[in-house]
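# Close look at the chain arrangement
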Amino acid sequence: MLQAFHNYFRRKETQLHELNYLFWECTQRCNLNCRHCGSDCTASSLQPDMPFADFLKAIEPLEQRFKRNSILIVITGGEPLLRADLADCGSELRKHGFPWGIVSNGYAYDAVMHSKLMDAGLATITISLDGLRDTHDMFRKRQGSFDHALNAITLIANEKRNLTYDVVTCVSPLNLGQLPEMKQMLIEHGVKYWRFFTIAPIGRAATDDGLQLDGPQMRQLMDFIVATRKEGKINATFSCEAYTGPYERKVRDWFYFCRAGITIGSVLIDGSISACPNIDRGFVQGNIYKDNLLDVWENRFQPFRDRSWTKAGQCARCKEYKNCLGGAMHLHPDITSGITLCHYNKIVES
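Now for a quick tour of the structure. This one's a predicted model, so the numbers in the text were calculated from it and none came from an experiment.

## Examining unusual backbone geometry
- Going from Gly 77 to Gly 78, the amide bond is cis rather than trans, its omega being 15 degrees.
- Checked against the element boundaries, Gly 78 lands in the loop between β2 (72–76) and α3 (86–95).
- Unlike most non-glycine residues, Asn 69 shows phi in positive territory, near 70 degrees.
- Turning to its location among the elements, Asn 69 is positioned in the loop between α2 (52–65) and β2.
- A relative accessible area of 49% means that Asn 69 is categorised as partly exposed.

## Some words on the pattern of salt bridges
- Under the counting rule described, the total for this entry stands at 17 salt bridges.
- With its nearest N and O atoms 2.6 Å apart, the salt bridge here joins Arg 65 to Glu 18. Separated by 47 residues along the polypeptide, Arg 65 in helix α2 and Glu 18 in the loop between α1 (2–16) and β1 (21–25) bring together distant segments of the chain.
- Residue Arg 65 is classed as partly exposed on the basis of its relative accessible area, which comes to 34%.

## Notes on the nonpolar core
- Membership of the largest hydrophobic core comes to 96 residues, with the highest contact counts inside it found for Trp 24, Phe 55, Leu 62, Ile 73, Leu 117, Phe 196 and Leu 221.
- Sort the elements by how many residues they give to this core and helix α6 (residues 145–157) lands first, with seven residues.

## Some words on the side chain of Asp 130
- Tracing the chain through its elements places Asp 130 in the loop between β4 (122–128) and α5 (133–140).
- A distance of 2.5 Å separates the side chain of Asp 130 from the side chain of Arg 140, its partner in a polar contact.
- From its side chain, Asp 130 meets the backbone nitrogen of Cys 170 in a polar contact 2.8 Å long.
- Those residues in contact with Asp 130, other than ones at most four positions away along the chain, are His 36, Thr 135, His 136, Phe 139, Arg 140, Val 168, Thr 169, Cys 170 and Asn 175.

## Describing the environment of Ile 347
- Mapped onto the elements, Ile 347 comes out in helix α12 (residues 343–349).
- Its relative accessible area of 4% is what places Ile 347 among the buried residues.
- Between the C-alpha atoms of Ile 347 and Asp 119, which are 228 residues apart in sequence, the distance is 44 Å.

Conventions and cut-offs
- Think of each chain on its own: its residues are numbered from 1, step by step along the sequence as written.
- Local features in a predicted model are, by the rule used here, given only for residues with pLDDT of at least 70; side-chain atom pairs are given and counted only at 80 or more, and totals for whole chains, interfaces and linings are based on all residues.
- Side-chain calculation: all heavy atoms of the structure are included, whereas hydrogens and water are not.
- Runs of E in the DSSP output that reach at least two residues are strands. Runs of H or I that reach at least four are helices, and both are numbered from the N terminus.
- Exposure classes here rest on a 1.4 Å probe applied to the protein chains alone. A residue is buried below 20% of its type maximum, exposed above 50%, and partly exposed in between.
- The salt bridge criterion pairs a side-chain nitrogen of Lys or Arg with a carboxyl oxygen of Asp or Glu, the two atoms within 4 Å.
- What is meant by a nonpolar core is a set of buried Ala, Val, Leu, Ile, Met, Phe, Trp, Tyr and Cys residues, joined one to another through side-chain atoms within 4.5 Å.
- Here a polar contact is recorded for every N or O atom pair within 3.5 Å, except that within protein the pair must consist of a potential hydrogen donor and a potential acceptor, and residues adjacent in sequence are included only if both atoms are side-chain atoms.
- Every residue pair with non-hydrogen atoms within 4.5 Å of one another is taken to be in contact.

This is how it looks when you write it as C-alpha cells:
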C-alpha cells in the first residue's frame, strides 16, 4: 500500500516538476586525481571556469518564478574550493535569495576556509571519505588526502551555527570491510550523517573493473546500513541511486525516487542545462548561452519526466519496473542502450 502511494506521489511530483535543487558545475579543475571520479576531472582543465556573472544571469528568471530560499544551489566541480571567488559567489547567491552549498573532497578545507564560507552564508556541505587512511589516499591518488578530509569533517561536525552536512562514502570491494571501523571513527568525531553510494561505471571509473560490488557484497552493504540505522548512533542512508527491493525503507527514510530532471537540475561547466552532473551529456536539454533556463526547465526535460523509454532490455522483463522506472538516470548512456548495471538484480539474484 505504501509503495503504491509513493508511486502516485512520484507521478504528481513529475507533473509539477518544481525545481528545488540546482547544481552548478563551476569548474572542472581538481586538486586530486581520484581513481573512481565520475567526471574524469584533472588539475588542469581545457574548459575554463564559468564566470559567476554568467551563472547569475542564467538563474535570474528563477527569481521571478520561485519563492526566495526555495531553490538550493549546490556548487560542484571538479573541486569548487579551487575557485578563489567561491565565498563571493556564495554571498551574492544569498543576496538573490538562493541558499547554497558545496560538494568537496575536503583537501583545501581548513579553519580559515570554513570561517570564510560560513560568513558567506554556506548552508550545506558534503565531504567525501572513501576508506581508512591508506585506502582513501589510494583512491584519491594523493598522500595526505585522508587527513585533510578528516580535518574538514571535524570542523564541520563541530560547527555550532546552522549548517546541514553529510559525509559521503563511495563503497567498493576495497573499502567495504572497513565500514565498521569508519563508522566508529566518524561517531567519535561527532558526525551525525553518513551517506553511501556505489561506484557507477562512468567517467574514470568506467575502465576500472575492480570498483564494482557483486551481489553478496551489495547485500553486505545493505545489511550494514540497516544495522547502523537500528543502532541510532549515526544517521546512515543509502543514496537515491537505485531501487533496492527488499531493502526499501530500511536503508533510507522513504522509497527510491530518482528526481533528476523532476526537482533537480544543473548548469554544467560549458553552460549546458541538464539534471545531475554525472548524467551522460547526451541528455543535455539546452544551454544558458542561447536558452532561457526557466523556459528549458518548464518545457523540455521530456526524457527525464517520461521514462517509458527505459522499459527495454532487462528492465522490460522486470516485475519491479513500476517501482524502479528503469533505475537512476546516470546509469543510462543514452535512450537506446539500456541500463549499464542493475542494483536490484545484484541484490536479489546474484
